[in-house]
Amino acid sequence: MSSTTMVTDSDTHFTTTSGLASPFPQLGLHFSDSELRETAYEIFIAASRSSRGSRPLTFVSASSTKEKKEWGLKNSVLTQQNSLGSGKRVGAVGELMRVQMKVSEQVDSRVRRALLRITAGQLGKRMESLVLPLELLQQLKASDFSSAREYEAWQKRILKVLEAGILQHSHVPLDKTNASAQKLREIIDGGLERPIETGRSETMQALWNNVMSLACRSFDGSVSDICHWADGVPFNLRVYQTLLESCFDINNATVVIEEVDELLELIKKTWGILGLNQAYHNLCLLWVLFDRYVATGEVEKDLLLAAEKIFLEVEKDAKATKDPSYSKILNSALSSILSWGGKKLFAYHDTFYRGNTDLMQIVLSLNVLTNNILGEDISHEKNTDVGISCRQLNTYIRSSVASAFHQKKEKIYLSRRSARHQQSPLPVLSILAQDISDLAYNEKEIYSPILKRWHPLATGVAVATLHACYANELKQFVSGISELTPDGIQVLISADKLEKDLVQMAVEDSVDSEDGGISIIQEMPPYETEGVIANLVKSWINTRIDRLKEWIVRNLQQEVWNPQANKERSAPSAVEVLRMADETLEAFFLLPIPRHPILLPDLMRSLDKCVQSYIITTKSHCGSRGEFLPVIPDLTRCTAGSKLQGVFRKKDKLIPRRKPVLNEDNSGILQLCVRINTLHLIRKKLEVLQNRMTAHLRNAEYTHLDDKGKVFELSQTACSEGVQQLCVATAYKLIFRDLSPVFWDGLYLGEVSSSRIEPFLQDLKQYLEIISSTVHDRVRARLIADVMKASFDGFLLILLAGGPSRAYSVEDYIMIEEDFDFLQNFFCSSGYELPPELINRFALIVKRILPLFHMDTQSLIEQFRASISNEYGPSASSSLPLPPTSGQWKPTEANTNLRVLCYRNDKQATNFLKKTYNFPKKL
């Protein structure tokens, strides 16, 4: 291919002189404006002569005030007379077209002579059945031109036209391997390098044959009687655009010539050669009008009016036309128009004003029409969404109004900065509120009447946008103040007035809407004075609460839980937390606000969570029942008549019994007692705080609070749960850790008779005396009750899971029963004020288990078998599966019965366990 031929992507669009993206793709070849005009003029003259024979191209002039039917213009600046030197009307349309196309008389004469020769030689043939460039190449010689250089340039243009129309943009798709196409390209490339010898030359004959072979193709493969050499998109559209642009006065780019209707009738006669129809004509005409309006500085709105009228025809064409090429070009043209209009409408306050609102209406109409056509997707698949124009206008309104708001704001801030040394009586946001109110009224008066044609809630959307914009400024203002000030009050008053104005306009605008304006009002969350004050108070609350939270974390890390710290034997940090909560409540009621009862719940909830966090930390990491219980060892069987007891008895004699003292371990018990006292103190003081809050409300003439019953609910619940948790933890720590040497590690270890319960009771008494003198009397009984339950649980655990060092004979039952009576009586007679029914309830499970230790071995085995049958079914009584340990001891439970057998010190039990489960004698 010659270097003079520029190939580009055919889908790439170029930019016109208006700066808009053209809807017509690149040609892939470089054609200058003059080359396009000459090509278009040749086609125009050929089509006109073909339709009129040899008669001259003339028309009868109409009145200068006649209506331009095609353009929809009347008595407009666009209807001025064509100015040809003296301004006289031109008689011959052909001559008029020549002048408009800037074609010289010499070129016009040459083309007409050639056409006379062509029509003479092709008598009876339509111009559509001829390849005009080929015919011209055959008829015109170098002698018809003023110079060889002019002839060579003309011949190169003719070859480029053939390349563009037949090779680059063929009407029928062209196979790249087509031999005729390959040969034609070689000839054209050669012709672009050196002029082709016309006449009867071999090159000319080859050119003729290959051009006709390609131009006469049809979609069904037959030979067509119509030659397709200039009817491929976008070549035909570029040529036709050039023809349409000739309708504008060459001396005034915004003026359409007077003879436009007659000229258009002749231009339409090129459709046969260019393969166009009314739909393509309307689309090209629309683009030419619109492009010319933008290119000439957007000063002649009648051009835009004409485009709007053509747009209505294009809308009809888009629905009826199924040509994909048309749809693609249409989509591109509409996108350019939509982009242009969108830029103006996204900031219509900058473009339109009271004096040119009619122009705004035209631009809006074009954009709505464009959106509607694009909404059909141009592929005739109806978009399921409706109201596309309304949605798009909604976007325009919000964008432009927001832009106008920010311009107002910047103007005020700029003015304030330039006069910063002068004292202004009003805060910036107060001034802005007044300006925004004025802006809203202007919107309602100037723009909304136009916008309402397509958007029923135009005013409502605008004021909702202004409401939101001011809300952002107000929010920033409020975030920057920590207390109510005169400026703050002034801003809040101005904001309240502005909001009332905006809401009133929104309500009036939406009276006739389907939802009565609910949707618009929902976009305007209130920011009246009281609401902002409430936010300031909440900010004050959050600051106080954050400080209290930080203090709690810091002081709890340093708390030592010393019972000697104060007379309540509680944590000093708790006293301080309650004092700070009381001070916060007092300070709240001193705030200069009228809405204490409404805002008080926020404060009380926050204080409640703070105190709750203190309580949760106080009771955390103190252990639980499960943490202190010993691990249950695996089951073993006893050796009948074991002599180990003597060893343990001798060992006990060598170790003197210690007396419990207040060492590090039982100081842990004291710390737990202080924690219990602390939670009890908090619970009592919270009731005082609640009463004080009620007194404040009564003094302010408020008699009740809606959720008064829920004050400090979280903290009160946490206190109750915390006291319970700490009492249980203290009890099980005491029994299973602090008293482990005389209880878990001492009771019934070896012979029962030599390791009775008295030592445990003696040490337990001393511990309970320490606890009683430390724990508050209101929670003492609860803690002692948990200690009792822990000792009963431990007693059973020693009997049923005390490990292989313990073994019991039937005769030991009397001593074991006696020891439990001692333990039970210990809590009955020690002055701990435990109700007898509570003691009996806790002791009941032990009393139900103890008879198993008195039962003979055979009966115990039979009872074990029966319990297995009950738990696993009758079939299990023969295989006797090993029952799991549940820890829920019951006299009829299989695992409980089995454990009694495991600790039964006789041969029958040992043999049964050996035979049934093969238990070892020791771990």
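What you are looking at is a predicted structure, and each value in this text was computed from that prediction instead of being measured. (Residues numbered from 1 in each chain as written. Predicted model: local features only at pLDDT ≥ 70, side-chain atom pairs only at ≥ 80, totals over all residues. Heavy atoms only, no water.)

A. How the structure looks around the overall build of the chain. The helix and strand tally for the chain stands at 36 helices and 2 strands. Per-residue burial for the chain yields a buried fraction of 52% across its 923 residues. Relative to all contacts within the chain whose residues are 6 or more apart in sequence, the contacts with residues 24 or more apart total 77%. Put simply, the chain shows about 43,300 Å² of open surface, and 51% of that area lies on carbon and sulfur atoms. (Helix = DSSP H or I, 4+ residues; strand = E, 2+ residues; numbered from the N terminus. Buried < 20%, exposed > 50% of the residue type's maximum accessible area, 1.4 Å probe, protein only. Contact = heavy atoms within 4.5 Å. Areas by Shrake-Rupley, 256 points an atom, 1.4 Å probe, with all protein chains shown as cover.)

B. Looking closely at the environment of Lys411. Mapped onto the secondary structure, Lys411 falls in helix H16 (residues 388–418). On the basis of relative accessibility, which here comes to 63%, the residue Lys411 falls in the exposed class. For the pair Lys411 and Leu432, spaced 21 residues apart in sequence, the C-alpha to C-alpha distance is 9.6 Å.

C. Spotlight on the pattern of salt bridges. Counting across every chain of the model gives 31 salt bridges. Salt-bridge contacts for Asp108 lead to Arg112; the nearest nitrogen and oxygen are separated by 3.0 Å. Within this pair, Asp108 and its partner Arg112 are both found in helix H3 (residues 105–121), separated by 4 residues, close to a single helical turn. For Asp108, a relative accessible area of 9% corresponds to the buried category. Ionic pairing is found between Lys789 and Asp793, a salt bridge with its closest N-O pair at 3.3 Å. (Salt bridge = Lys/Arg side-chain N within 4 Å of Asp/Glu carboxyl O.)

D. Focus on unusual backbone geometry. In this structure, Pro234 follows Val233 across a cis peptide bond, with omega equal to 10°. Tracing the sequence through the fold places Pro234 in the loop between helix H7 (202–215) and helix H8 (235–245). Positioned with a positive phi, Trp561 is a non-glycine residue whose angle comes to about 55°. Relative to the helices and strands, Trp561 resides in the loop between helix H21 (529–558) and helix H22 (572–589). Backbone geometry places Arg569, a non-glycine residue, at a positive phi of 50°.

E. Quick peek at the side chain of Asp786. Tracing the chain through its elements places Asp786 in helix H29 (residues 777–801). Although buried, Asp786 forms no salt bridge, and the nearest oppositely charged side chain, Arg782, lies 4.6 Å from it. Residues within four places of Asp786 in sequence aside, it is in contact with Cys727, Val728 and Ala731. (Lys, Arg positive; Asp, Glu negative; His and termini not counted.)

F. Quick look at the confidence of the model for the chain. Considering every residue of the chain, the mean pLDDT works out to 85; 86% of them sit at 70 or more. For the chain, helix H25 (residues 644–654) is the element with the lowest average pLDDT, namely 41, and H8 is the one with the highest, namely 96. Confidence over residues 1–11 falls short of pLDDT 50; this stretch has 24 contacts with residues more than four positions distant or in other chains. (pLDDT = per-residue confidence, 0-100.)

G. Examining the nonpolar core more closely. Membership of the largest hydrophobic core comes to 285 residues, with the highest contact counts inside it found for Leu207, Tyr470, Phe795 and Phe827. When near neighbours in sequence (up to four residues on either side) are disregarded, Phe827 contacts Leu764, Leu768, Ile784, Val787, Met788, Ser791, Phe792, Leu834 and Ile839. (Core = buried A, V, L, I, M, F, W, Y, C linked by side-chain atoms within 4.5 Å.)

H. Representation of the packing of helix H15 (residues 357–375) against helix H17 (residues 428–451) in the model. At their nearest, the axes of H15 and H17 sit 10 Å apart, and the two run at 30° to each other. Regarding the angle of H15 to H17, the classification is roughly parallel. Classified by chirality, the crossing of H17 by H15 is right-handed. Contacts from Thr357, Met360, Gln361 and Leu364 of H15 reach H17 at Ile446, Tyr447, Ile450 and Leu451. (Axes fitted to C-alpha atoms, helices over the stretch in contact; angles between N-to-C directions. Parallel < 35°, antiparallel > 145°, perpendicular 65-115°, else oblique. Left-handed = near helix turned anticlockwise from the far one by under 90°.)

I. Seen up close, H8. Burial analysis of H8 places 10 of its 11 residues in the buried class, the great majority of the element. Among all positions in H8, only Phe235, Asn236, Leu237, Arg238, Val239, Tyr240, Gln241, Thr242, Leu243 and Leu244 are buried.

J. Seen up close, helix H2 (residues 93–100). H2 sits mainly inside the fold: 7 of its 8 residues count as buried. Of the positions making up H2, those classed as buried are Val93, Gly94, Leu96, Met97, Arg98, Val99 and Gln100. At the exit of H2 stands Lys102, carrying a positive phi of roughly 60°.

K. A look at the environment of Glu758. Within the fold, Glu758 resides in helix H28 (residues 758–774). Owing to a relative accessible area of 33%, Glu758 belongs among the partly exposed residues under this scheme. The sequence separation of Glu758 and Asp819 amounts to 61 residues, and the corresponding C-alpha distance is 8.0 Å.

L. The packing of helix H11 (residues 278–295) against helix H12 (residues 301–320), seen in detail. Taken N-terminus to C-terminus, the directions of H11 and H12 make an angle of 155°; their axes are 9 Å apart at the nearest point. Here H11 is positioned roughly antiparallel relative to H12, judged by the angle of their axes. Between H11 and H12 the crossing geometry is left-handed. The residues of H12 that touch H11, namely those facing Gln278, Ala279, Asn282, Leu283, Leu285, Leu286, Leu289, Phe290, Arg292 and Tyr293, are Lys301, Leu303, Leu304, Ala306, Ala307, Ile310, Phe311, Glu313, Val314 and Asp317. In terms of residue class, the contact of H11 with H12 is built from 14 nonpolar, 2 polar and 4 charged. (Nonpolar A, V, L, I, M, F, W, Y, C, P; charged D, E, K, R; others polar.)

M. Representation of the packing of aromatic side chains. Per the counting criterion, the structure on display carries 27 aromatic pairs. Consider the rings of Tyr348 and Tyr447, whose centres lie 5.1 Å apart with planes at 55°: the pair is tilted. Residue Tyr348 is located in helix H14 (residues 348–351), and its partner Tyr447 is located in helix H17; the two are separated by 99 residues in the primary sequence. Tyr447 matches Tyr348 in its accessibility class, with the two residues each being buried. Ring geometry for Tyr732 versus Phe736: centroids 5.8 Å apart, planes at 10°, classification stacked. Residue Tyr732 and its partner Phe736 are located together in helix H27 (residues 713–738), separated by 4 residues, close to a single helical turn. In this structure, Tyr732 and Phe736 share a single accessibility class: buried. For Lys160, the ring lying beneath its charged end belongs to Phe31, and the centroid distance is 5.1 Å. (Phe/Tyr/Trp six-rings, centres within 6.5 Å; stacked < 30°, edge-to-face > 60°. Lys NZ or Arg CZ within 6 Å of the ring centre and 35° of its normal.)

N. A look at the environment of Ile188. Within the secondary structure, Ile188 is located in helix H6 (residues 179–193). The exposure class assigned to Ile188 is buried, which follows from its relative accessible area of 1%. For Ile188, the contacting residues outside a window of four places in its chain are Leu159, Leu162, Glu163 and Leu167.

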